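Residues per chain are reported as follows:
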Amino acid sequence: MNFLKKLFAKGEEPLSVYDDPVLGRTEWSADDEAWIGAYQQVRFALAYDREARPTPRLLSYARDVLGDPAWLSSTLEEEKALAAKSSPDLRSEIAGLKLGLVHFAISKGREYIIASVEGGNDPRCWRIEYHGRKCDGLGFDT
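Trainee: What exactly am I supposed to notice about the pattern of salt bridges here?
Mentor: Using the criterion set out here, one finds 10 salt bridges in the structure. A salt bridge links Asp20 to Arg63; the shortest N-O distance between them is 2.4 Å. Note that Asp20 is positioned in strand 1 (residues 17-20) and Arg63 in helix 2 (residues 56-66), a separation of 43 residues in sequence. Asp20 sits in the buried class, given a relative accessible area of 5%. Arg57 is the salt-bridge partner of Glu111, the closest N and O atoms lying 3.2 Å from each other. In this pair, Glu111 is assigned in strand 6 (residues 110-118) and Arg57 in helix 2, connecting sequence segments 54 residues apart. With relative accessibility at 22%, the residue Glu111 sits in the partly exposed group. Each of Asp64, Asp68 and Arg133 takes part in a single network of salt bridges with overlapping partners.

Pasting the structure below:
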């Protein structure tokens, strides 16, 4: 019963602005249920986890990943190359894809990222996903 009570309990009110000493200023977005900011020209979101500010573990994960922009861009380029091989008819669209909002979260004890990928053609909505530092792949929804 305590599990259900905790599951449906209202969390703390999120701060409208959270200033991190490394990542800088983030602003609460009710639509995204996350704090949104930019670091080294990468837009990012820090998921709400019922606390007034992003959790220390989530902040650590985001700092680690965002502090290594070459890793983010190289994994995207690797996945674009794989996608172009498997879908040659989308090759030119895939070539123009670039990283959008990088959304950091923790679920079931695991850190993950779902990042939007911009530059695709309608009706495709591209994204790249990660668990920790492992890329799960590039894909799209229609």
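Additional details are given in the paragraphs that follow.
Trainee: Could you clarify how one ought to interpret the packing of aromatic side chains in this entry?
Mentor: The description of an aromatic ring pair uses the distance of the two centres, along with the angle that the planes make with each other. Tallying each qualifying case throughout the model produces six aromatic pairs. Measuring from ring centre to ring centre gives 5.5 Å for Tyr61 and Phe104, while their planes differ by 90 degrees; the resulting arrangement is edge-to-face. Here Tyr61, found in helix 2, pairs with Phe104, found in strand 5 (residues 98-107); they are 43 residues apart in sequence, far enough to count as distant. Here Tyr61 and Phe104 have matching classes, each one buried. An aromatic cluster of three or more residues is present, and its members are Trp28, Trp35 and Tyr48. The ring of Trp71 carries the charged tip of Arg133 above its face, separated from the ring centre by 4.4 Å.

Trainee: What is the right way to look at helix 2 in this model?
Mentor: Residue pairs spaced three or four apart in an α-helix point in one direction, given the helix's 3.6 residues per turn. Within helix 2, the full set of buried residues consists of Leu58, Leu59, Tyr61, Ala62, Val65 and Leu66. The buried residues of helix 2 occupy an angular sector of 160 degrees when the element is viewed end-on, so they sit on one face.

Trainee: For this particular structure, what's the right way to read the state of the cysteines?
Mentor: By definition, a disulfide links the sulfur atoms of two cysteines through a covalent bond. Per the stated rule, a full pass over the model turns up zero disulfides. With no disulfide of its own, Cys135 lies 16 Å from the sulfur of Cys125, the closest cysteine sulfur.

Basis of the calculations
For every chain, the first residue of the written sequence is number 1, and numbering continues from 1 onward in sequence order. Totals for whole chains, interfaces and linings use every residue, but because this is a predicted model, local features are given only for residues with pLDDT of at least 70 and side-chain atom pairs only at 80 or more, for both listing and counting. Water and hydrogen atoms were dropped before computing side-chain values, which therefore reflect all heavy atoms in the structure. Each salt bridge in this description consists of a side-chain nitrogen of Lys or Arg and a carboxyl oxygen of Asp or Glu lying within 4 Å of one another. Each helix corresponds to a stretch of at least 4 residues labelled H or I by DSSP, and each strand to a stretch of at least 2 residues labelled E; elements are numbered beginning at the N terminus. Think of it in three bands: with a 1.4 Å probe and only protein chains considered, a residue is buried below 20% of the maximum accessible area for its type, exposed above 50%, and partly exposed in between. What counts as a ring pair is set by centres within 6.5 Å for rings of Phe, Tyr and Trp (its six-membered ring), and what kind of pair is set by the plane angle: stacked under 30 degrees, edge-to-face over 60, tilted for all other angles. Think of it as a cone above the ring: NZ of Lys or CZ of Arg counts as a charge over the ring if it is within 6 Å of the ring centre and within 35 degrees of the ring normal. By construction, the arc corresponds to the directions joining the helix axis to the C-beta atoms. Defined by distance alone, a disulfide is two cysteine sulfur atoms within 2.5 Å.

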